[in-house]
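# Summary of structural features
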Amino acid sequence: MWAPGVGSVEKSVAYSTQYDGNRVDILRVLIAIFSDALYQSPSSYDCCASLWLEVATSVDAPYADILFYSLINVVLGYDPMGWGVPYGNLVAKDTLKNLMETAVHVLVILLDYGYPLRPPAIDEANPTAAHPIYVSPDDTEAQGFNVFRRLLSNIESVDELNFLFKGFSRLLNNVHQAQCTYLPYSITKIDVEQELLVLLWKCLEDIPKFMPYVLRYVYFP
Amino acid sequence: MGGSSSKAQFTHLISRLLSADVDPAEHDFWDELWKTPLSTEDIFALISPDAVRKLIKERPSNLQTLFTQAVAQLYQVVETPYPVYFDQALNCARLLSRLVPFMLEDSSNEDIRGLFWNKQVIPKSLTAEESGDAAEEETQGEYQETEPLAVILVNSLFHLLFLPGTYVCACIFACFLILLVSRLHDRRPEHRLRRGRRQHACLQISADVGTRCWVR
């Protein structure tokens, strides 16, 4: 595991930044091999068409759970403040930012494959044919099954939801902060807010307890 | 990383790849190509998109050798993680991240589709040059050899991300193992249901780490 957060009970999992460059290189290859969706036209886009992603998100992908938790922790555990000193980002080279930005790309790509997992309860309430396609979490052989979606939907403890929510609010707030500061360019500005919004959408869609948590937090912080 | 001499050398090697078919058995040439240390930025600067397209169009056999060897090396590093080969593996990874997007560009190209997805056997000579005990690996991983290269690539990359010593500290990895084991004793019923699967994963990872420490 690369960073503490979701999926690790112990807080002792420390950041290890010394291998960030190597990780970025490997993650880039992953992005490269998943890039075949770029060559489809938007109208003919099929979320299950990529054979590459089918292999990567199948249930027997090695280390899928560690990978998922590492990626999401690196992304949402990232703190754009750094040292908290203005212009500190220009003095120190922030390798973690690089890793975070690559990680969020890979994570969004991996989560985009396949169909959502729906709990059976909703299915019984709406037996009509009009409901969207979904895959049962146990049906690992079905087309569109995505082990990463299943891992995402397994997040349920309050601590983990809190970590997700804090991470999203910190990172999305950064865009606003970096633009409104009195000293231009003094705060590291993350360049991946669109990907973060997609990730937020995926979390709201796939984690059943996340939406109630967020709404409750907004009304009773 | 990557002095001007290695850049010049690399440019020379690439131009040779573009101008003539190179025999896969010509180990000196390929070794030199894989061992030239270059950063991602250098590789992206030295290989232009047009060069990659030209390679795909005019020298399919070179491309095939390049891709097969790169994947074979990544797989080899995962199987026998000697720290000596880590830099070489990173080189392969950088080169792949340059090549693959262009290879995916034309989905009607049957050659490339076949290269990715046809089941095939990796020639022994490719892995034998990596390490002396490759013969043992061959006999152990026979079923792996017939998988398509794409599957091997994806699996190797996932493994590479968590190779102790390059990407994760060994101690952190050990912490994680302890954590996994502690999760087995989780009292919550929904977690207990999955206990069998976790136990299996745990054992598998410990066995992996065990063999890796032993190898070192």
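Here the structure is a predicted model, which is why all the values come from computation and not from measurement. Residue numbers here run from 1 along each chain, matching the order of that chain's written sequence. Throughout, the order in which chains and ligands are written sets their labels, letters from A for the former and numbers from 1 for the latter. Residues qualify for local features only when their pLDDT is at least 70, as the model is predicted, and side-chain atom pairs are given and counted only at 80 or more; totals for whole chains, interfaces and linings, by contrast, use all residues. Note that water and hydrogens are dropped before the side-chain values are worked out from all heavy atoms of the structure.

### Section: the nonpolar core
The term nonpolar core refers to a set of buried residues drawn from Ala, Val, Leu, Ile, Met, Phe, Trp, Tyr and Cys, joined through side-chain atoms within 4.5 Å. Note on classification: 1.4 Å probe, protein chains only; a residue is buried when its accessible area is under 20% of the maximum for its type, exposed when over 50%, partly exposed between these limits. Counting 118 residues, the largest nonpolar core has Ile-33, Trp-52, Phe-68 and Phe-148 of chain A together with Phe-67 of chain B as the members making the most contacts within it. To qualify as a helix, a DSSP run of H or I must reach at least 4 residues; to qualify as a strand, a run of E must reach at least 2; elements of each kind are numbered from the N terminus. The element that contributes the greatest number of residues to this core is helix α6 (residues 86-105) of chain B, accounting for 12 residues. Excluding anything up to four places from it in sequence, Trp-52 of chain A contacts Ile-33, Phe-34 and Asp-36 of chain A together with Leu-104, Phe-116, Trp-117, Ala-150, Leu-153 and Val-154 of chain B. Pairs of residues are marked as contacts when any of their non-hydrogen atoms sit within 4.5 Å.

### Observations concerning the packing of helix α1 (residues 20-33) of chain A against helix α11 (residues 149-160) of chain B
Following both chains from N to C, one finds α1 of chain A and α11 of chain B inclined at 155 degrees, their axes separated by 10 Å at the closest point. One finds that α1 of chain A runs roughly antiparallel with respect to α11 of chain B. Classified by chirality, the crossing of α11 of chain B by α1 of chain A is left-handed. Residues Ile-26, Val-29, Leu-30 and Ile-33 of chain A of α1 of chain A touch α11 of chain B, and the partners they reach there are Leu-153, Val-154, Leu-157, Phe-158 and Leu-160 of chain B. Across the contact of α1 of chain A with α11 of chain B, the residue classes break down as 9 nonpolar, no polar and no charged. Only the contacting stretch of a helix is used when fitting its axis, a line to C-alpha atoms as for every element, and angles between N-to-C directions run 0 to 180 degrees. In this scheme, roughly parallel covers angles under 35 degrees and roughly antiparallel covers those over 145, while 65 to 115 is roughly perpendicular and the rest are oblique. A clockwise turn of the near helix away from the far one marks a right-handed crossing, whereas an anticlockwise turn of less than a right angle marks a left-handed crossing. Each residue is assigned to one of three groups, with Ala, Val, Leu, Ile, Met, Phe, Trp, Tyr, Cys and Pro labelled nonpolar, Asp, Glu, Lys and Arg labelled charged, and all others, Gly among them, labelled polar.

### Overview of a nonpolar patch on the surface
Here the term patch refers to residues with relative accessible area over 30% and no salt bridge, with like charges joined within 9 Å and nonpolar side chains (Val, Leu, Ile, Met, Phe, Trp, Tyr) within 5 Å. Shrake-Rupley sampling with a 1.4 Å probe provides the accessible areas, and residues are treated as covered by the protein chains on show and by no other component. For this document, the term salt bridge refers to a Lys or Arg side-chain nitrogen within 4 Å of an Asp or Glu carboxyl oxygen. Among the surface-exposed residues, Met-211, Leu-215, Val-218, Tyr-219 and Phe-220 of chain A lie close enough to one another that they form a single nonpolar patch of about 590 Å² accessible area. Position of Tyr-219 of chain A relative to the elements: it lies in helix α10 (residues 210-219).

### Quick word on unusual backbone geometry
All names here are of chain A. The phi angle at Tyr-63 is positive, at roughly 60 degrees, despite the residue not being glycine. For Tyr-63, the position within the fold is in the loop between α2 (51-56) and α3 (64-76). Using a relative accessible area of 8% as the deciding quantity, one classes Tyr-63 as buried.

### Quick notes on the environment of Leu-18 of chain B
All names here are of chain B. Tracing the sequence through the fold places Leu-18 in helix α1 (residues 4-19). For Leu-18, a relative accessible area of 16% puts it in the buried group. Taking the C-alpha atoms as reference, Leu-18 lies 8.3 Å from Asn-62; in sequence the two are 44 residues apart. Setting aside its immediate chain neighbours within four residues, Leu-18 contacts Ala-51, Lys-54, Leu-55 and Arg-59.

### Some details on empty space enclosed by the protein
Residue and element names in this part refer to chain B. Note on definitions: the grid is 1 Å and covers protein atoms alone; a cavity is a set of points where a 1.4 Å probe fits but cannot get out; a pocket is an open set with protein on both sides within 12 Å along at least five of seven lines; lining residues have an atom within 4 Å of a point. Grid points are joined across faces, edges and corners, and a volume is the space filled by probe spheres set on the points. According to the stated counting rule, one finds 6 cavities of 30 Å³ or more in the structure shown. Of the voids in this model, the second largest cavity is the one considered here, and its volume is about 70 Å³. Taken together, Ile-14, Leu-17, Ile-47, Ala-51, Val-52, Leu-55, Leu-66, Leu-95 and Leu-99 make up the full set of residues lining the second largest cavity. If you list the elements that add at least two residues to the lining of the second largest cavity, you get α1, α4 (49-58) and α6. Ranked by the residues each element gives to the lining of the second largest cavity, the list is headed by α4, at 3 residues. Grouping the amino acids of the lining of the second largest cavity by side-chain chemistry returns 9 nonpolar, no polar and no charged.

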